[in-house]
Amino acid sequence: GGGGADAARAEEERRTYESYVVGMLTNLGQLPLERIHNMLKMFVSAGGESGRKYEMSPPQLSSFLRNLCRQEKIELVDGSYRLVKK
């Protein structure tokens, strides 16, 4: 199997996680890493789309969120993540 399919699936997962994170922060204001991690575990496993499981470790999630911060989608303030006010 070429790495193409894996990369596409990883990209799709990242988009899924991103939409969950944005949704959570929209509803709840701001959340620390730990809460986001626990909620993703709950939601993604419950969603059970194609047997998908949430498999990021907290450090992986942290770098994923830092990436969203660089894209100015969210920001880290006092240890909690929140949406960037446009």
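Just so we're clear, the structure is a prediction, and the values are computed from it rather than from any experiment.

## Quick word on the pairing of strand β2 (residues 74-77)
Here comes step 1: Pairing of β2 with strand β3 (residues 80-83) involves 4 bridges; the strand directions are antiparallel. Bridge pairing in β3 links E75 to R82.
Here comes step 2: The antiparallel pairing of β2 with β3 creates a hairpin that spans 2 residues between the two strands, and D78 there sits at a positive phi of about 50 degrees.

## Concerning the environment of L61
Here comes step 1: Mapped onto the secondary structure, L61 falls in helix α3 (residues 58-70).
Here comes step 2: Note: C-alpha distance between L61 and Y17 (44 residues apart in sequence) is 9.5 Å.
Here comes step 3: Leave out the neighbours within four places in its chain, and L61 touches L33, I36, H37, L40, Y54 and M56.

## As for α3
Here comes step 1: Taking 1.5 Å as the rise per residue, α3 with 13 residues should run 18 Å; its terminal C-alpha atoms sit 18 Å apart, in good agreement.
Here comes step 2: If you check which residues of α3 are buried, you get L61, S62, F64, L65 and L68. Down the axis of α3, the buried side of the element spans an arc of 165 degrees, and every buried residue falls inside it. Along α3, exposed side chains directed more than 90 degrees from the buried face belong to P59 and R70.
Here comes step 3: With its phi angle positive at about 60 degrees, E72 sits one or two positions after the end of α3.

## Quick notes on the pattern of salt bridges
Here comes step 1: Here the structure, examined in full by the defined rule, presents 6 salt bridges.
Here comes step 2: In this structure, R9 engages E13 in a salt bridge whose closest nitrogen and oxygen atoms are separated by 4.0 Å. Pair noted here: R9 and E13 are both in helix α1 (residues 3-28), with a separation of 4 residues, about one helical turn.
Here comes step 3: Note that E18 is salt-bridged to K73, the shortest N-O span being 2.9 Å. In this pair, E18 is assigned in helix α1 and K73 in the loop between α3 and β2, connecting sequence segments 55 residues apart.
Here comes step 4: Salt bridges linked by common partners bring D6, R9 and E13 together as one network.

## Observations regarding the pairing of β3
Here comes step 1: Sheet topology note: the strand β1 (residues 30-32)/β3 ladder contains 3 bridges and is antiparallel. Within the sheet, the bridge partner assigned to P32 lies in β3 and is S80.

## Overview of the nonpolar core
Here comes step 1: Among the nonpolar cores identified, the biggest contains 17 residues, and Y17, I36, L40, Y54, L61, F64 and L65 are the most heavily contacted of them.
Here comes step 2: Where this core is concerned, the elements lending two or more residues are α1, α2 (33-47) and α3.
Here comes step 3: Setting aside chain neighbours within four positions, we find L40 in contact with Y17, Y20, V21, M24, S45, Y54 and L61.

Cut-offs applied
- For every chain, the first residue of its written sequence is number 1, and the numbers climb from 1 along that sequence.
- Local features in a predicted model are, by the rule used here, given only for residues with pLDDT of at least 70; side-chain atom pairs are given and counted only at 80 or more, and totals for whole chains, interfaces and linings are based on all residues.
- Side-chain descriptors were evaluated using all non-hydrogen atoms of the structure, hydrogens and water having been removed beforehand.
- A pair of strands is labelled paired if DSSP reports no fewer than 2 bridges between them.
- Helix and strand assignments follow DSSP, with helices taken as H or I runs no shorter than four residues and strands as E runs no shorter than two, numbered in order from the N terminus.
- We call two residues contacting when some pair of their heavy atoms lies within 4.5 Å.
- Helix span, as expected, comes to 1.5 Å for every residue beyond the first.
- Each residue's exposure class comes from its accessible area (1.4 Å probe, protein chains only) as a fraction of the maximum for that residue type: buried when under 20%, exposed when over 50%, partly exposed otherwise.
- Our arc is simply the arc of the directions from the helix axis toward the C-beta atoms.
- Any Lys or Arg side-chain nitrogen found within 4 Å of a carboxyl oxygen on Asp or Glu counts as a salt bridge.
- Put simply, a nonpolar core is a bunch of buried Ala, Val, Leu, Ile, Met, Phe, Trp, Tyr and Cys residues held in one set by side-chain atoms that sit within 4.5 Å of each other.

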